[in-house]
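# Geometric and topological summary
So the chains spell out like this:
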Amino acid sequence: MPPSSRSNFLLRRLIFIPFASLTVIQAAFAAEQGTRVLGDREFFTQGSFIAYAAPWSTDFGAGKALRHGIDYQDEITVRPETFPADVGISWHWPLTPPKETGVYGYHAISYGSYDGGIPEKAIPSRQVKAIATLTETFRFSTARPIGDFNLLTEFFLTKSPGTEEKVAEVGFFLRTAKSAVEFADAGEQHGIFTDPAGRKWKVATQSAPHGPYHMFIPEDAAEVPEGTIDFKAALDFLRAKKQITGGEWFNGLAFGIEPITGSGSLHVERLSVRYE
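The structure reproduced in this document is the subject of the present report. Everything numeric in this text was worked out from a predicted model, so none of it was measured.

### Notes on the overall build of the protein
Assigned secondary structure in the protein consists of four helices and 15 strands. Burial statistics for the protein: of 276 residues in total, 52% are counted as buried. By sequence separation, contacts in the protein at least 24 residues apart represent 72% of the contacts at least 6 residues apart. About 11900 Å² of surface is accessible on the protein, with carbon and sulfur atoms providing 54% of the total.

### A look at the packing of aromatic side chains
In this description, an aromatic ring pair is defined by two values, namely the gap between the centres and the angle between the planes. Evaluated as defined, the whole model comprises 24 aromatic pairs. Ring centres of F155 and F250 lie 5.2 Å apart, and the angle between their planes is 85 degrees; on these two criteria the pair is classed as edge-to-face. Placement of F155 in strand β8 (residues 134-158) and of F250 in strand β14 (residues 249-250) is noted, with a sequence separation of 95 residues between them. According to the relative accessible area criterion, F155 is buried, its value standing at 0%. Ring centres of F216 and F237 lie 6.4 Å apart, and the angle between their planes is 65 degrees; this geometry places the pair in the edge-to-face category. Here the residue F216 occupies a position in strand β12 (residues 211-218), and F237 occupies one in helix α4 (residues 231-240), the gap between them amounting to 21 residues. For F237, a relative accessible area of 13% translates into the label buried. When the ring centre of F156 is taken as reference, the NZ or CZ atom of K166 above it lies at 4.8 Å. Its guanidinium or amino end placed over the ring of F149, R175 lies 4.2 Å from that ring's centre, counting from NZ or CZ.

### With respect to the environment of E258
Here E258 shows up in strand β15 (residues 252-275). On the basis of relative accessible area, E258 is assigned to the buried category, the value being 12%. Taking the C-alpha atoms as reference points, E258 and A177, 81 residues apart in sequence, are found 9.5 Å from one another. Apart from the residues within four sequence positions on either side, E258 is in contact with V103, G105, Y106, F149, N150, L152 and F173.

### Observations regarding the layout of surface pockets
In this structure, the largest pocket occupies an estimated 1000 Å³ of space. Taken together, 38 residues form the lining of the largest pocket, with W56, V103, E154, E169 and E258 sitting closest to its centre. Sorting the residues of the lining of the largest pocket by element identifies β3 (49-54), β6 (106-112), β8, β9 (166-175), α3 (178-185), β11 (200-208), β12 and β15 as the ones contributing at least two each. Each residue belonging to the lining of the largest pocket can be placed in one class, and the counts come to 23 nonpolar, eight polar and seven charged. Empty space within the second largest pocket amounts to approximately 160 Å³. Residue lining of the second largest pocket: 14 residues in total, with A62, G63, L66, P98 and Y104 positioned closest to the centre. A breakdown of the residues in the lining of the second largest pocket according to their chemical character gives eight nonpolar, four polar and two charged.

### Examining α4
The element α4 is largely enclosed, with a buried count of seven among its 10 residues. Two or three places before K232, at the start of α4, stands the capping residue D230, its side-chain oxygen 3.2 Å from that residue's backbone nitrogen.

### Some details on the environment of F140
Assignment of secondary structure puts F140 in strand β8. Taking the C-alpha atoms as reference, F140 lies 9.9 Å from L151; in sequence the two are 11 residues apart. Discounting residues that sit within four places of it in the chain, F140 has contacts with L151, L174, E223, V224, P225, F255, L266, H267, V268 and E269.

Calculation criteria
- Residues numbered from 1 in each chain as written.
- Predicted model: local features only at pLDDT ≥ 70, side-chain atom pairs only at ≥ 80, totals over all residues.
- Heavy atoms only, no water.
- Helix = DSSP H or I, 4+ residues; strand = E, 2+ residues; numbered from the N terminus.
- Buried < 20%, exposed > 50% of the residue type's maximum accessible area, 1.4 Å probe, protein only.
- Contact = heavy atoms within 4.5 Å.
- Areas by Shrake-Rupley, 256 points an atom, 1.4 Å probe, with all protein chains shown as cover.
- Phe/Tyr/Trp six-rings, centres within 6.5 Å; stacked < 30°, edge-to-face > 60°.
- Lys NZ or Arg CZ within 6 Å of the ring centre and 35° of its normal.
- 1 Å grid on protein atoms, 1.4 Å probe; cavity = no way out; pocket = protein on both sides within 12 Å on 5 of 7 lines; lining within 4 Å.
- Points joined across faces, edges and corners; volume = space filled by probe spheres on them.
- Nonpolar A, V, L, I, M, F, W, Y, C, P; charged D, E, K, R; others polar.
- Polar contact = N/O pair within 3.5 Å; in protein donor to acceptor, adjacent residues only side chain to side chain.

Here it is as structure tokens:
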């Protein structure tokens, strides 16, 4: 079995392996494949990219009672020679959704400084109006998930460069949970954004802790397993709708899973960013 096939096979088996056995199997797999398995909240950076599993719901309310390795588990498997491509993300959470936070966390690959993380090779912050190109090309597959989740690629805009002073959030949903569709439908509607590839996205704005959350959801709510997201065109759309001014700052973006219930695994086969 070639390495890529063995990788996909393991990712598909992870959702059925007890927590106690998972670490041993992952360690053996990593040694064989030259990969590195990142545990809960373990930081990894190479070049301008970061991998990090953030179970941020466990910092709030009832989530604080959840025990890592008992009530939940999250791992990211990276292959340094191909990173940020050929990355595996697996997650195990309760079959009931979190009460306070909507999602259990965000297990993701990020580019630049997405939410305070600093990569090995920094990227320049730029005002929205000064960005000439900002695209992300991807391909992914998921393995028999149990429960529900979002697959989201997004970024925050800030008041000044490289700060935590967030003023807006912009996200594209490549796999949209029912709860996310309902959340977007209840927000302010801005019509349809047609990207350069001709794909249509419903655009809505909802209130969020860090300011307005501008959500782009496929018009038919179908999964988008591969393609290119033109964030520059999306930002131009939001400027035309007077949702942003262009004076906000971009510092980095992320691509990953928001677990809502249950378990699953994701294989990020391809991921690249063009930013000028």
